[in-house]
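The chain contents come next:
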Amino acid sequence: MSAGPRRVAVDRLRRVVRGTRAWARAARPGRVGALPDFLIIGGQRCGTTSLHHYLAAHPDVRAATGKELQFFSLHFGRGTRWYRAHFPPAAPGRRSFEASPYYLFHPSVPARVAATLPEARFVALLRDPVERAYSHYLHTRSYGLEPLGFAEALAAESGRLAGALADGPDTPAAHHALRNFSYAARGRYAEQLDRWYAHLPADRLHVIRSEDLYADPATTYAGVLRFLGLAPFTPAEFARHTRRADTGPSQLTPALRAELAAGFAPHNARLADLLGWPRTW
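Treat the numbers as computed from the prediction; the structure is a model and nothing was measured. (Residues numbered from 1 in each chain as written. Predicted model: local features only at pLDDT ≥ 70, side-chain atom pairs only at ≥ 80, totals over all residues. Heavy atoms only, no water.)

**Student:** I keep staring at the layout of surface pockets and nothing clicks. Help me out?
**Tutor:** It is the rolling of a water-molecule-sized probe over the atoms that shows where space remains empty. Its volume calculated, the second largest pocket comes out at about 270 Å³. Lining the second largest pocket are 14 residues, with L154, E157, A184, R188 and L260 sitting closest to its centre. Elements supplying a minimum of two residues to the lining of the second largest pocket: α7 (150–164) and α12 (254–275). Here the residues of the lining of the second largest pocket sort into 8 nonpolar, 3 polar and 3 charged. (1 Å grid on protein atoms, 1.4 Å probe; cavity = no way out; pocket = protein on both sides within 12 Å on 5 of 7 lines; lining within 4 Å. Points joined across faces, edges and corners; volume = space filled by probe spheres on them. Helix = DSSP H or I, 4+ residues; strand = E, 2+ residues; numbered from the N terminus. Nonpolar A, V, L, I, M, F, W, Y, C, P; charged D, E, K, R; others polar.)

Right, here's the structure in full:
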């Protein structure tokens, strides 16, 4: 079995085991875990794994049974008891959380989250959309799911998404396309934040640039802790965590980079206005 299909199989097995254990806990009589206090909602390929590690290291924080539970996107029909079974019971002075980067992008998630977690807080990381798009492409290709070159995949993106969304955003075909082939669409961040702000106050969503987390993790992390009402804490290290390393010659040519940057420019300008940022990328 080649590396891509093997990774798909391992990830699928891990999710099945985690989900089955949650079903077993949910089936037992009595109380299950408490709903989370905060979520990392995205974006994909923007440093969510690193931030997840940093927050999970905090002595007053308890992470869910695994990253990317995808309850509000893929598994909402399983019910909140199944979801709660991934979290520890409520405890004084303790906060719990999960991180699913698909939440920021999927259109059905904000309303579901607002109804289920009316007091929760949310953290979003946004990365240069050009770099994010290419990293996303490499990620999808590493799983053996992308047969096209990067330029060809970008050209095919709108058609792929439109066809998959014909029957709504919650079909298996829609999830497959939205998760794997949304290279440029996921970089239009203002559109996604608008959907979230339509369902919750802006002061419950903390948005940071991935580049700031990479360049000055201590300061950026401290800002996240203040937003979440957590005591100051410094992890043993601010290592960068990623599940895939870039290899081989880059398909992000200077010409393609310039074309993408021009396409993202109006979306970045609107994002700056929306968040009151002096700059984006």
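**Student:** Would you explain the nonpolar core in this entry?
**Tutor:** General note: in soluble globular proteins, nonpolar side chains tend to be found buried as a group. Formed by 47 residues in total, the largest nonpolar core has its most connected members in L55 and W196. The contacts of W196, once residues within four sequence positions are left out, are I41, Y103, L104, V109, P110, V113, F122 and L205. In this structure, Y102, V130, L252 and L260 belong to the second largest nonpolar core, which totals 22 residues. (Core = buried A, V, L, I, M, F, W, Y, C linked by side-chain atoms within 4.5 Å. Buried < 20%, exposed > 50% of the residue type's maximum accessible area, 1.4 Å probe, protein only. Contact = heavy atoms within 4.5 Å.)

**Student:** Before we go on, may I ask you to explain the pattern of salt bridges in this structure?
**Tutor:** Working definition: two side chains of opposite charge can pair if their charged atoms are close together. In the structure shown here, the tally under the stated rule is 8 salt bridges. Taking the shortest distance from any N to any O, the salt bridge between D60 and R94 comes out at 3.3 Å. Taken together, the residues span a long stretch of sequence, with D60 in the loop between α2 (48–56) and β2 (61–63) and R94 in the loop between α3 (79–84) and β3 (95–99) at a distance of 34 residues. On the basis of relative accessibility, which here comes to 36%, the residue R94 falls in the partly exposed class. (Salt bridge = Lys/Arg side-chain N within 4 Å of Asp/Glu carboxyl O.)

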